[in-house]
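Residue strings, one per chain:
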Amino acid sequence: MRGRAALTAVLLTLTACTTGPSLEDRGQVTAPPGDSRHLTIGSAGFTESDLLAQMYAQLLNRAGYRTSVLTVANRELYEPALESGQIDVVPEYAATFADWLAAKTHGADAPPAGSPDLGATMKALRALAAPRGLTVLPAGRAVDQNAFAVSADYAREHRLKTLSDLGASGLKVRLAAGDECVQRPYCAPGLKKAYGIDVTGVDPKGVGTTQAKRAVQDGRDQMVLTTTTDATLDQFGLVLLADDKHLQNADYVVPVVNRSRAGGTGVAKALGRLDDVLTTADLARLNEQVDSWRRLPADVARGYLTDKGLLK
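Now for a description of the structure that goes with this document. (Residues numbered from 1 in each chain as written. Predicted model: local features only at pLDDT ≥ 70, side-chain atom pairs only at ≥ 80, totals over all residues. Heavy atoms only, no water.)

**Considerations on the sheet that holds strand E7 (residues 198-204)**
Phase 1: Spatial ordering of the open sheet is given by E7-E6-E8-E5-E9, a layout of 5 strands whose pairing is mixed. In this open sheet, the two strands that pair with only one neighbour each are E7 and strand E9 (238-241). Across this sheet, the average inter-strand angle for adjacent strands is 40°, counted without regard to direction.
Phase 2: Where strand E5 (residues 146-151) and strand E8 (residues 223-227) come together, 4 bridges link them in antiparallel fashion. Each bridged residue has a counterpart across the sheet, and for alanine 147 the counterpart in E8 is threonine 226.
Phase 3: Across the sheet, helix H9 (residues 210-217) lies against E5, strand E6 (172-177), E7, E8 and E9, angled at about 140° from E8, the strand it touches most. (Pairing = 2+ DSSP bridges. Helix = DSSP H or I, 4+ residues; strand = E, 2+ residues; numbered from the N terminus. Axes fitted to C-alpha atoms, helices over the stretch in contact; angles between N-to-C directions. Contact = heavy atoms within 4.5 Å.)

**Digging into the packing of aromatic side chains**
Phase 1: Going through the model one piece at a time under the given rule, you end up with 1 aromatic pair.
Phase 2: Taking 6.4 Å as the distance between ring centres and 10° as the angle between the ring planes, the aromatic pair formed by phenylalanine 97 and tryptophan 100 counts as stacked. Taken together, the positions of phenylalanine 97 and tryptophan 100, both in helix H4 (residues 94-106) and 3 residues apart, correspond to about one turn of that helix.
Phase 3: On the accessibility criterion, phenylalanine 97 (1% relative accessible area) is buried.
Phase 4: In this structure, arginine 37 is placed above the aromatic ring of tyrosine 65, and the distance from its NZ or CZ to the ring centre is 4.0 Å. (Phe/Tyr/Trp six-rings, centres within 6.5 Å; stacked < 30°, edge-to-face > 60°. Buried < 20%, exposed > 50% of the residue type's maximum accessible area, 1.4 Å probe, protein only. Lys NZ or Arg CZ within 6 Å of the ring centre and 35° of its normal.)

**Quick word on the side chain of threonine 232**
Phase 1: Relative to the assigned elements, threonine 232 resides in the loop between E8 and E9.
Phase 2: By relative accessible area, which is 16% here, threonine 232 ends up buried.
Phase 3: At 2.4 Å, the side chain of threonine 232 forms a polar contact with the side chain of lysine 213. (Polar contact = N/O pair within 3.5 Å; in protein donor to acceptor, adjacent residues only side chain to side chain.)

**Brief notes about the layout of surface pockets**
Phase 1: Quantified by volume, the largest pocket comes out at close to 1,200 Å³.
Phase 2: Residue lining of the largest pocket: 42 residues in total, with Thr96, Asp144, Asn146, Tyr186 and Asp251 positioned closest to the centre.
Phase 3: For the lining of the largest pocket, the secondary-structure elements that each account for two or more residues are helix H2 (47-62), helix H3 (75-84), strand E3 (89-93), H4 and helix H12 (280-291).
Phase 4: With 6 residues, the top contributor of residues to the lining of the largest pocket is H4. (1 Å grid on protein atoms, 1.4 Å probe; cavity = no way out; pocket = protein on both sides within 12 Å on 5 of 7 lines; lining within 4 Å. Points joined across faces, edges and corners; volume = space filled by probe spheres on them.)

**A short note on the state of the cysteines**
Phase 1: The full count for this structure, using the stated rule, is 1 disulfide.
Phase 2: Sulfur-sulfur distance for the disulfide between cysteine 181 and cysteine 187 comes to 1.8 Å. One disulfide, between cysteine 181 and cysteine 187, carries an S-S torsion of -85° and so falls in the left-handed class.
Phase 3: In this structure cysteine 187 comes out as buried when scored by relative accessible area, which is 0%. (Disulfide = S-S within 2.5 Å.)

**Regarding the packing of H12 against helix H13 (residues 297-307)**
Phase 1: One can describe the packing of H12 onto H13 by two numbers: an axis separation of 9 Å at closest approach and a directional angle of 140°. Comparing the axis directions of H12 and H13 gives the class oblique. The hand of the H12/H13 crossing is right-handed. Listed contacts from H13 to Asp282, Leu286, Gln289 and Val290 of H12 are Pro297, Val300 and Tyr304. (Parallel < 35°, antiparallel > 145°, perpendicular 65-115°, else oblique. Left-handed = near helix turned anticlockwise from the far one by under 90°.)

**What to know about helix H8 (residues 188-195)**
Phase 1: What H8 keeps buried is the set Ala188, Gly190, Leu191 and Tyr195. Seen along its axis, H8 keeps its buried residues to an arc of 165°; they face one direction.
Phase 2: Summarising the contacts, the buried residues of H8 are in contact with E5, helix H7 (163-169), E6, E7 and E8. (Arc of directions from axis to C-beta.)

**Things to note about the pattern of salt bridges**
Where charged atoms from two side chains of opposite charge approach closely, those side chains can pair.
Phase 1: Per the counting criterion, the structure on display carries 15 salt bridges.
Phase 2: Between glutamate 83 and arginine 132 there is a salt bridge whose closest N-O contact spans 3.1 Å. One end of the pair, glutamate 83, is in helix H3; the other, arginine 132, is in the loop between helix H5 (118-129) and strand E4 (134-136), with 49 residues separating them in the sequence.
Phase 3: Overall, the relative accessible area of 6% leaves glutamate 83 in the buried class.
Phase 4: The class of arginine 132 is buried, set by a relative accessible area of 3%. (Salt bridge = Lys/Arg side-chain N within 4 Å of Asp/Glu carboxyl O.)

**Comments concerning empty space enclosed by the protein**
Phase 1: Summed over all chains, the structure comprises 1 cavity of 30 Å³ or more.
Phase 2: Within this model, the largest cavity holds a volume of roughly 100 Å³.
Phase 3: As for the largest cavity, its lining consists of 13 residues, and the residues nearest its centre are Gly140, Val253, Leu274, Asp275 and Leu278.
Phase 4: Contributing elements (two or more residues each) for the lining of the largest cavity: H2 and strand E10 (253-258).

**Remarks on the environment of threonine 121**
Phase 1: Counting through the fold element by element, threonine 121 comes out in helix H5.
Phase 2: Sequence separation of threonine 121 and arginine 294 is 173 residues, and the distance between their C-alpha atoms is 35 Å.
Phase 3: Here the side chain of threonine 121 touches serine 115 through a polar contact of 2.9 Å, landing on its backbone nitrogen.

Here it is in structure tokens:
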């Protein structure tokens, strides 16, 4: 624990003044991919990120690397640390990270780089990441993006399976979400524009919070903004409506690595073993084991990888 605290202190000091290649050098980041045998895996400090970091670490250990996991619950800190090589690998989300790098590179008013199209999002993300000495590995099957849920009873009563069904129903919908939902294009405005859903108001209870889900469970609100890997929907009697017109951005899970330390084929091959295995539904179940069953992320990750034949 002392070592972890010391490493965190060093990291915070370094990231305060280190942001990777300087602006004048970023067009010349041509060093060959590195293959350091001791790698630091970064976690953003929430359940899903902890689980992914543990899976990455265990897969890399199996491939002959020595790893340590470091939690830095702030992208403003861990991304510069990734550029500088203080962190070597992090699990990220394609569209969100693309938008974040676009804003960092071009300013807060930069147009979004992420989109519902995974191919276009990955192309934009890699173009933004490469000058910073970062390599974005292929996306797998798991995606953690915004999603909308209603009560199972409400869905059965009105025969709803998709957001298009809800729009076609003409039902008036009060939406439990964050207060920013009023303006965000993926939220209330997008629901109205893409699906014709009659959103009569936004109940500002947060994204996927217990209070927001209870409001829908109790019938005070009709729909809640949550995520595709929310592990607690069943507990509240809620079901997701499919985003059949792809309003949400392609937030697929992607490993991002420091090219000079972890950009070789060894890391890509080890982490690529997860691509064809881990699904969105799997990730939701793993989150549930940590959040509801109070199991340790490392144990949950090990059990999953062993069950899938990726560890012995």
